[in-house]
Amino acid sequence: MSGADWNRPLWNNVLERRRRGAMPHALLLSGPAGLGKRAFAAGLAALLLCENGGDGACGRCRGCLLVAAGSHPDRVEVNLELREDGKTLRTEVTVDQIRRLSQRLSMTAQFGGHQVALIDPADLMNTSAANALLKTLEEPGAGTVMLLVSDQTSRLPATIRSRCQRLDFVLPNAADAMAWLKAQGVDGAAQALDAAAGNPGLALELARGGGLALRTEVATDLGQLWTRKAVPAEVANRWAKGDGERRTWFAAQLAQAEAAAQARGARGPLALTAISDFNKLAQWFREAGRVREQLRTPVRSELLLLELLLAWRALAPAARRA
Ligand SMILES: [Zn+2]
């Protein structure tokens, strides 16, 4: 097996299906980013193309060597392509990419075994791409295995989802996540894991990418907006200039942790005065999620963030407003 230990049950599940000769033609690897879906998909593709096989790919046979070199003729991967400018990535998987994939899968495997296709991120296929893939999913060639990787499965059309066997990747328990983070050499693993709401991959990214400092800044901003010590337009402007999506994610996650702590009668990470209306706060979480989605596309991010921050400030109890 390759990838994190906490995915072992899923790995065993796939091995078991394979042993029974019931390997699905399409698997949907679903779950939040940071749980090892990509390593799992790569490991499974390698295993399917390995000429020896077992619990994992052998790493020595012709199939494994070609996979390692990125030139196995029966392995095809579809990712976001570069735009014509050759510098920036497209925001969608296009229909042309899926047509090329389908054409390739319609030919027989060159090595006589499986043909493996990885589509990642599958949820960024545009509508025509998804429609084009449906045909291939409905009539897969013998030995074809398609691995669709998705951090946001709800964005995939139901028609695609229903034609795949789904593997749900879930958060590991805290002890496994801590052990893994320590093995990656992360200092302050507990703090990073807490900031990542228990997601180890995200915790690693936070610890390495200066995320913890950013989270602290967001906590300060939310606290100051709550007590009207900060100006929403100024904060929105700063958030829009960099890391808007990450900041919004932290904001939603901090607010949620705050609400959970208050519900237990404890002090939360924002140390706010009592939240009076949990329904409105829940509404605000949903709004934050929507804003994050929109921040991925070219939009007037400053305005969106300003609206979100004004809504946040409006949640503060009236008595505290100066
Ligand atoms: Zn091998």
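Located above this text is the structure these notes cover.
First, a word on scope: everything that follows refers to the structure included in this document.

Attention now moves to the coordination of the zinc ion. Coordination of the zinc ion by the protein involves Cys-50 (SG), Cys-58 (SG), Cys-61 (SG) and Cys-64 (SG), with metal-donor separations of 2.3 to 2.4 Å. Note that the zinc ion binds 4 donor atoms; their angles at the metal cover 105 to 116°, and the shape is tetrahedral. Motif for the zinc ion, donor spacing along one chain: C-x7-C-x2-C-x2-C. Here the residue Cys-50 occupies a position in the loop between helix 2 (37-49) and helix 3 (62-69), and Cys-64 occupies one in helix 3, the gap between them amounting to 14 residues. Comparing Cys-50 with Cys-64, the two get one shared label, buried.

For strand 4 (residues 144-150), a buried count of 7 out of 7 residues is recorded, marking the element as mostly surrounded by other parts of the structure. Here 5 bridges tie strand 1 (residues 26-30) to strand 4, and the two strands are oriented parallel to one another. Bridging across to strand 4, Ser-30 finds its partner in Ser-150. Examined bridge by bridge, strand 3 (residues 115-119) and strand 4 share 5 bridges and lie parallel to one another. Its bridge partner lying in strand 4, Leu-118 is registered against Leu-147. Each parallel crossover has a hand, and the one from strand 3 via helix 5 (residues 127-138) to strand 4 is right-handed.

Scoring rules and cut-offs
- Residues numbered from 1 in each chain as written.
- Predicted model: local features only at pLDDT ≥ 70, side-chain atom pairs only at ≥ 80, totals over all residues.
- Heavy atoms only, no water.
- Donors = N, O, S within 2.8 Å, 3.2 Å for Na, K, Ca; no water.
- Tetrahedral: all angles 85-135°; square planar, octahedral: opposite > 155°, others 65-115°.
- Helix = DSSP H or I, 4+ residues; strand = E, 2+ residues; numbered from the N terminus.
- Buried < 20%, exposed > 50% of the residue type's maximum accessible area, 1.4 Å probe, protein only.
- Pairing = 2+ DSSP bridges.
- Right-handed = clockwise from strand over helix to strand, strands pointing away.

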